[in-house]
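# Structural overview
Single-letter residue listing:
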Amino acid sequence: MKKLFVLLLALIVAASAFAQLTVAGYDKAKATFNSDSKEGAYSDEIRFNLTAKDADGKYGFSGRFQGTSGTYTPGVDIDADGTNDDIVNEDGDAVVFAKNDFVVKYMYGWASFFDGMLKLSAGRINEGGYQFGANEANSIQGNLDSETDADFVDIRTQSMELTVAPMAGLSASVIYTPNDTITGTDLKYGVAYSVENLLNVKAMMTGNAAGDILGTFGAEFVGVENLSAVAGLKLDNDGTDPVMAVYSIVGYTMDALFFEVAGQYLFETDLVESGYYFEGNAEYTVETYSVRAFGQYNDKMDLAEAGNEYLIGAELSIPVGSGEFNAGFNYGDATKVSVPVYLKIAF
Amino acid sequence: MRALRFLPFLLCLALVASCASAPSAAGGELSVSLRRAASSDFKNYGWGFSNPYIPFKGLILDKLLGRADLLVLVVEIEAPAKAEIQLLGAQSGQAGLDYYDRTAFTEFWDAFDGYDQDIKLRRTRIARSYFPPVPVKLGKGSSSYFIAFVGKYPLKGPFDIRADFLVNGERREVELHLD
């Protein structure tokens, strides 16, 4: 932990030599009360971002340090052995009970050549340019995106990425993630193409050791003002068999109002396991507050919050200085009533 | 003399033909103007990490490292007929206050990161409202886009803004003075 802070300080000093330096971050503290279990839970997360590039934008680096505590429930032993020492945070990383696990989420350098037509990134890269996702999201919405369960699109591991952008609107990447042996999973390919005010297309694919193709493809229609309609396909492997899913995300903006619905159907080899998931929300945003109502229905998939078959809720967000206060009310058929409250402060 | 009998018919035909081939009287010329954006222009884009037109304000780091400030303008276009327009570039008249095209503006905000979902939302909002970095095909009617200059806080006028457009293949310069 101390080494990490020293590294952070050294990076800030080094980065200050760059023409354009951006340092930003926040702390978010969240408490949730659940009526069914009559328990309160608390968690905390910290994000610290550092980005620097030269005046011409030809080289630079970007990184994020973050800490996320495990959810702390007073008086409750989370582990079977009562030690509470092997719980995981929201990212699935093991953390010590109720203690922020401060890690480097991503950190990579990059350089661009030939007037931006070629870009090389290396390090723990943060690739997210080849996926679609539900836009309006709070702590339990926005579950649906073009990622497969293999989670290969959101790469935050040691890799090299070579991106070519031969013409406006078109880019293609090859990402190499070194392994002990060369397999189909070492290389990942991404392509994005956009026609202004009409269409955006994104695709990414790789393979697995069994020879299956894992991939995601999506097309977004933006030809009607204020409307975004995405439809796509995902190819994955559930560990034993290849599976396929189709998804769609449709959003519409009407002045201060925003509506979005998103759905997915998963085709399993065993039809009994096939299922669908829907979520939708409506948000009204003005300068001084934002209110949102939302709902989700989960057939057999695990995207919904805490295993609920259905869940409805509403929340209010209010800007507080350089941060935000948010209070909500959720009802799920399994979790019953819960009241999440969080405070986020940008530093 | 016999030909004179057809003269009224020929005159009418010439009149009708000239009406059909003449430019529309309602055509006029495409107008482009600039104005400084008011907070009401982007009030529906949220706040904090998700509104790309409100400068980011931190609690501590701004004081230590300085912070960026934004000069946001609205480009208003009135097109009497179908047209194509491209923004070639813009100058603020001040050193250190630079125009960012949509790609650069998106990258500028990506540097602040934030929640992953905020990044998606912010990118969507920029994509829908910022002047595109490629030629834009417009239908008849009015449309507007944001553009932004990025500099060090606090920005101080006066600003002599100049934006260069390509309207239907012809270069056009639009100026705006702000105190």
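Right, let's talk about the overall build of chain A for a bit. Broken down by element type, chain A carries 1 helix and 18 strands. The buried share among the 347 residues of chain A stands at 32%. By sequence separation, contacts in chain A at least 24 residues apart represent 44% of the contacts at least 6 residues apart.

Glancing now at the confidence of the model for chain A. Residues and elements named next belong to chain A. The share of residues in chain A with pLDDT of 70 or more is 72%, and the mean pLDDT across the chain is 78. Taken as a whole, residues 94-98 scores under 50 in pLDDT and shows 16 contacts with residues more than four places along the chain or in a different chain. The low-confidence segment residues 149-153, where pLDDT is below 50, has 12 contacts with residues more than four positions distant or belonging to other chains.

Our focus in this paragraph is the sheet that holds strand β6 (residues 141-152) of chain B. All names here are of chain B. The strand order across the open sheet formed by 4 strands is β1-β2-β6-β4, and the pairing between neighbours is antiparallel. The open sheet terminates on both sides in strands that have one partner only, identified here as β1 (31-36) and β4 (98-100). Between one strand axis and the next, the sheet turns through 30° on average, direction left out of account. Of the pairings in the sheet, the one linking β1 to strand β2 (residues 68-79) comprises 6 bridges and is antiparallel in character. Along β2, the bridge assignment pairs Ser33 with Glu76.

Residue and element names in this part refer to chain A. For Thr22, the location among the structural elements is in strand β1 (residues 20-34). Thr22 sits in the buried class, given 23 other C-beta atoms within 10 Å. Distance from Thr22 to Glu268, taken between C-alpha atoms, is 45 Å for residues 246 residues apart in sequence.

For helix α3 (residues 102-110) of chain B, the full list of buried residues reads Arg102, Phe105, Phe108 and Trp109 of chain B. Seen from one end, α3 of chain B has its buried residues packed into an arc of 120°, which puts them on one side.

Conventions used here
- Residues numbered from 1 in each chain as written.
- Chains lettered and ligands numbered in written order.
- Predicted model: local features only at pLDDT ≥ 70, side-chain atom pairs only at ≥ 80, totals over all residues.
- Helix = DSSP H or I, 4+ residues; strand = E, 2+ residues; numbered from the N terminus.
- Buried ≥ 20, exposed ≤ 12 C-beta atoms within 10 Å, placed from the backbone.
- Contact = placed C-beta atoms within 7 Å.
- pLDDT = per-residue confidence, 0-100.
- Pairing = 2+ DSSP bridges.
- Axes fitted to C-alpha atoms, helices over the stretch in contact; angles between N-to-C directions.
- Arc of directions from axis to C-beta.

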